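Report on the structure
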Amino acid sequence: MATTYRTCPVSGLQFENNAEKLMRWNAVAGVLWMLVGGITALLVILTRWPAIKLLPAEQFYLILTAHGIDMLILWILFFEIAVLYFASSTLLRCRLAAPKIAWLGFWLMAAGGVITNVAIFQGESSVMFTSYVPMQAAWHFYLGIILVAVGALIGVGVFFGTLVVARRDKTYSGSLPLVSFGALTAAIIATFTILSGAGILVPTFLWSVGLIKEIDPQLYRMVWWGLGHSSQQINVAAHVSVWYLTAAVIFGAKPLSEKVSRFAFLLYILFLQLASAHHLLSDPGMSAEWKVLNTSYFMYFAVMASMIHGFTVPGAIEAAQRRKGYTNGLFEWLRKAPWGNPVFSGMFISLVSFGFLGGISGVVLGTEQINMLMHNTFYVPGHFHTTVVTGTTLAFMSITYLLVPVLFRREMILPKLCQIQPYLFGISMSVLGLVMMGAGTLGVSRRHWDMAFSGAPFQYEWPGAAYLMMGLTGVFGVIAVIGGALWIVLVVGSLLFGKKLDGGKVSNQPTPIPDQTQAAAAVAHGHDHVGVPGTVVLALLLFVCFVLYYFVNWKYLSEVWLLS
Amino acid sequence: MSAILPPSNRLWWKQPIDKVEWAWIAIAFVWGMVMFVMMIYWHIYGKQNLSNETYKTTPEMFAAKAEKFIAENTIRTETEQNIPVVKVPASGEGYLIARLWAWYPILELEKGKTYKIHLSSMDYNHGFSLQPVNINIQVIPGYEHVVKMTPTKEGTYAIVCNEYCGIGHHSMLGRIYVK
């Protein structure tokens, strides 16, 4: 098959022509969806801010549905497909398998996204991201999501095919690079996720056109969350891979131990899909045994995996920095890190926010009994804005500062603003998550238009602190939207107006990754052991916060009405 | 050398794991077990566990049982809509209907007594969110969930609906009195 390979003069990465085009289109499509998602985010925030309450109820629920679909599915999935092609074709230096089919997948996803958005904005499909039956959306709402899922599944298939191509063409030797292995993890979880999605959305589509009479609402919730939660687990695997990628590119960091990091990814594959249970802990239809076993990912093995990555990613950075001579004290390696480089600063904020806020709150929220304190409150979106947004989205944003020069061959415009953006977005979004969780702890509902309950037969006055938290949600939400908008402006501006960069040498043949001889490996591993005391301190800090917050919530639970 | 290249040591699985990493893995493992056991411990010794008693039902069946309960136990009506206030009898069996967009009826309970409250929905998913106690339970059509609860403090409590159920969702507010 005729194709060409370009070696980027800056990074040394090798891009195959077809893969490069597909990555660009997928990334750009992702950014455009984020634009829609960002505008809807602003409208949601300005409505939930009690002092402003911008939209009327009907429009609020419509916009909130669009925000969920466009951010959680479309922005992230398109970007993830680009990540998958990068982790296969680019890192393994081989051609992309079946580019025509990959394009088919892309257009299916694009068409599906548009169709679902049309359905939402027509106004008959304000059923939220979760679309719990028996509330019914227009038939094309479901059809669009099904098309997106089929397109994504094709993308995942092309990724698997590309791994086979690399193996057959011997473009690398030995085992897959860790980042590709992490992407493989994401792709395997994605396959399960999309099949669950098909398992529920296809019948729901048939129900919406009248071919199926009824869908059990409890069954729907269980299978739907096999899609809804597992797709967030694809994100975890993908953004952890991006963390390793950033550490490798910026610091030349290598994993502390290949075995440990890969084992942690394996735990994700084995246990993450049980997380559907997290959304059913306060449901009537599941037994306590089922809840306990599933919500804990079968005894917390996937939590253990995340704790391992949370240690090995900063550990790898610390080891690399110490090898470079930043050995003073516990934290010189961190102080002297390139904080002015948005690729690094964004990645590190993502790591810290995901671990301390998203991770801890997620485990507490997913504890069977404690869930009753938080189920369907504002705590839930607070939690997932510190996982999906400061975790995944911020990691993807920061890697874009690398991709624009190497993939799109454009220099980033306005470098000063590029430096600021990860801080502006990452910190405001982290605080937003915190105050949302604060409001949720006080009982404030998610997906709720009016804290004053206008039109209700009774009154209920939320505590003053709840209004304060919602006001802060408004303030930090707006700052976060500005941070996100700045990223879109910088990326789109650079693609259009950034200085064109040299593309580098083009060849008809891939240049395989040079085989590292055993001798070289022995040298590299002979005396390179460095301790990582700074990371140990950070990890222990995380652990202490985790334990304290976990038991504080049991204390809260012990104070409510008795239930049995 | 790095995470974007194949492992430089081809036999990477034979490389020993550093002591510090082992220690962290051990901490994570033990902590996971503690959290797992904690949920089971709370089922045995804790006083806040969500009931497992659930029956399949239909809106018609559930409404009939609830109406009978209301007819037998109403003590007064309140508000312009004459919503019945129902004192749950000593037997402790009470019914609460979730529907677009109301919690029906108003329940009256006594502090320290244990009640079996039957919850179900007539239409969409709803969310039973008792405030300011902050207990949140999903209410699903077709499922009758029998929740055993014991109020610990007197007062007037609100039931907020916290599962999106359409345009009137924000006006779906119910009430429970605890005497």
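Attention shifts here to the overall build of chain A. What chain A contains, in helices and strands, is 16 helices and four strands. For 564 residues, the compact-globule formula gives about 24 Å, and the C-alpha radius of gyration of chain A, at 23 Å, lands near that figure. Each of the three principal axes of chain A carries a C-alpha extent, and together these read 75 × 55 × 50 Å. Across the 564 residues of chain A, 61% fall into the buried class. Across chain A, contacts joining residues at least 24 apart in sequence account for 86% of those joining residues at least 6 apart.

The next point concerns the overall build of chain B. When you go through chain B residue by residue, the secondary structure sums to two helices and 12 strands. If you list the helices and strands of chain B from N to C, you get α-β-α-β-β-β-β-β-β-β-β-β-β-β. For chain B, the C-alpha radius of gyration of 24 Å lies well beyond 16 Å, the compact-globule estimate for 179 residues. Projecting the C-alpha coordinates of chain B onto the three principal axes gives extents of approximately 80 × 40 × 30 Å.

Residues and elements named next belong to chain A. Reading across the sheet, the three strands line up as β2-β1-β3 and stay open at both edges, with antiparallel pairing between neighbours. Each having just a single partner strand, β2 (14-16) and β3 (505-507) make up the two edges of the open sheet. Averaged over all pairs of adjacent strands, the angle between their axes in this sheet comes to 25°, without regard to strand direction. Relative to β2, strand β1 (residues 5-7) runs antiparallel, the two sharing three bridges. Looking at β2, one finds that arginine 6 is bridged to phenylalanine 15.

Further remarks concern the interface of chain A and chain B. At the interface, 89 residues of chain A touch 75 residues of chain B. The element contributing the most residues to the side of chain A that touches chain B is helix α9 (residues 297-323) of chain A, with eight residues. Tallied by class, residues from the side of chain A that touches chain B come to 55 nonpolar, 24 polar and 10 charged. Direction of pairing for strand β4 (residues 562-563) of chain A relative to strand β10 (residues 143-150) of chain B: antiparallel, over a ladder of two bridges. Bridge pairing in β10 of chain B links leucine 563 of chain A to methionine 149 of chain B.

We now examine helix α4 (residues 139-168) of chain A. For α4 of chain A, which comprises 30 residues, the first-to-last C-alpha distance of 44 Å matches the rise-based estimate of 44 Å (1.5 Å per residue) to within 8%. At the exit of α4 of chain A stands lysine 170 of chain A, carrying a positive phi of roughly 50°.

With that settled, consider the sheet that holds strand β9 (residues 135-139) of chain B. Residues and elements named next belong to chain B. If you walk across this open sheet you meet the seven strands as β2-β3-β6-β12-β11-β8-β9, and the pairing is mixed. Strands with a single pairing partner mark the edges of an open sheet, and in this sheet they are β2 (74-78) and β9. If you compare each strand with its neighbour and ignore which way they point, the axes differ by 25° on average. Inspection of the sheet shows β2 paired to strand β3 (residues 83-87) by four bridges, in the antiparallel sense. Looking across to β3, one finds that glutamate 78 is bridged to isoleucine 83.

Okay, the domain arrangement of chain B next. When its domains are assigned, chain B resolves into domain 1 (14-45) and domain 2 (54-178). The C-alpha-based centres of domain 1 of chain B and domain 2 of chain B are spaced at 41 Å.

Moving on, we come to the nonpolar core. Grouped together as the largest cluster of nonpolar side chains are 252 residues, with contacts concentrated most on Phe78, Tyr85, Ala152, Val179, Tyr244 and Ala247 of chain A. Top element by residues in this core is helix α2 (residues 57-90) of chain A. It accounts for 24 residues. Mapped onto the domain boundaries, this core takes at least three residues apiece from domain 1 (14-45) and domain 2 (54-178) of chain B. In this structure alanine 152 of chain A touches Leu77, Ile81, Met109, Ala190 and Ile194 of chain A, once residues within four positions along its chain are discounted.

Next up on the list: the environment of phenylalanine 356 of chain A. Residue and element names in this part refer to chain A. Of note, phenylalanine 356 is situated in helix α11 (residues 342-365). Taking the C-alpha atoms as reference, phenylalanine 356 lies 30 Å from leucine 176; in sequence the two are 180 residues apart. Leaving out residues up to four positions away in the same chain, phenylalanine 356 has contacts with Leu542 and Cys545.

What follows concerns the packing of α9 of chain A against α11 of chain A. Residues and elements named next belong to chain A. Two elements in contact, α9 and α11, have axes separated by 11 Å at closest approach and are oriented at 165°. Here α11 runs roughly antiparallel to α9, going by the angle between their axes. Relative to α11, α9 is oriented so that their crossing is left-handed. Contacts between α9 and α11 involve Val303, Ser306, Gly310, Val313 and Pro314 from the first element and Leu351, Gly355, Gly359 and Val363 from the second. Residue composition of the contact of α9 with α11, by class: five nonpolar, four polar and no charged.

Residues and elements named next belong to chain A. In the contact formed by α2 and α4, the axes pass within 9 Å of each other and the chain directions differ by 10°. When the interaxial angle is binned, α2 and α4 end up roughly parallel. Side by side, α2 and α4 meet where Ile73, Leu77, Ile81, Leu84, Tyr85, Ser88 and Ser89 of the first sit next to Val148, Ala152, Gly155, Val156, Phe159, Thr162, Leu163 and Ala166 of the second.

Turning our attention to the environment of leucine 403 of chain A. Residue and element names in this part refer to chain A. One can find leucine 403 in helix α12 (residues 379-407). For the pair leucine 403 and methionine 23, spaced 380 residues apart in the sequence, the C-alpha separation amounts to 9.9 Å. Once you skip the residues sitting within four places of it in the chain, leucine 403 turns out to touch Ala27 and Phe408.

Rules used throughout
- All residue numbers here refer to positions counted from 1 along the written sequence of the relevant chain.
- Following the order in which they are written, the chains are lettered starting with A and the ligands numbered starting with 1.
- Confidence filtering applies because this is a predicted model: local features only for residues at pLDDT of at least 70, side-chain atom pairs given and counted only at 80 or more, and all residues used for totals across whole chains, interfaces and linings.
- By definition, any uninterrupted DSSP run of H or I lasting at least four residues is a helix, any uninterrupted run of E lasting at least two residues is a strand, and each is numbered from the N terminus.
- C-alpha atoms define the radius of gyration, and 2.2 Å times the number of residues to the power 0.38 defines the globule rule.
- Note on burial: count the other C-beta atoms lying within 10 Å of the residue's C-beta; 20 or more is buried, 12 or fewer is exposed, in between is partly exposed, and C-beta positions come from the backbone.
- Any two residues are considered in contact once their C-beta atoms, placed from the backbone, lie within 7 Å.
- Criterion used throughout: strands pair if DSSP finds at least two bridges between them.
- Interaxial angle, 0 to 180 degrees, is taken between N-to-C directions of lines fitted to C-alpha atoms, where a helix line uses only the stretch in contact.
- Residues are grouped as follows: Ala, Val, Leu, Ile, Met, Phe, Trp, Tyr, Cys and Pro are nonpolar; Asp, Glu, Lys and Arg are charged; all remaining types, including Gly, are polar.
- A helix's residues, less one, multiplied by 1.5 Å, set its expected span.
- Marked domain ranges trace back to an automatic or database domain assignment.
- Core membership is restricted to buried Ala, Val, Leu, Ile, Met, Phe, Trp, Tyr and Cys residues, and these are joined into a nonpolar core through C-beta atoms within 7 Å.
- An angle below 35 degrees is read as roughly parallel, one above 145 as roughly antiparallel, one from 65 to 115 as roughly perpendicular, and any other as oblique.
- Helix crossings fall into two classes, left-handed where the near helix is turned counterclockwise from the far one by less than a right angle and right-handed where it is turned clockwise.

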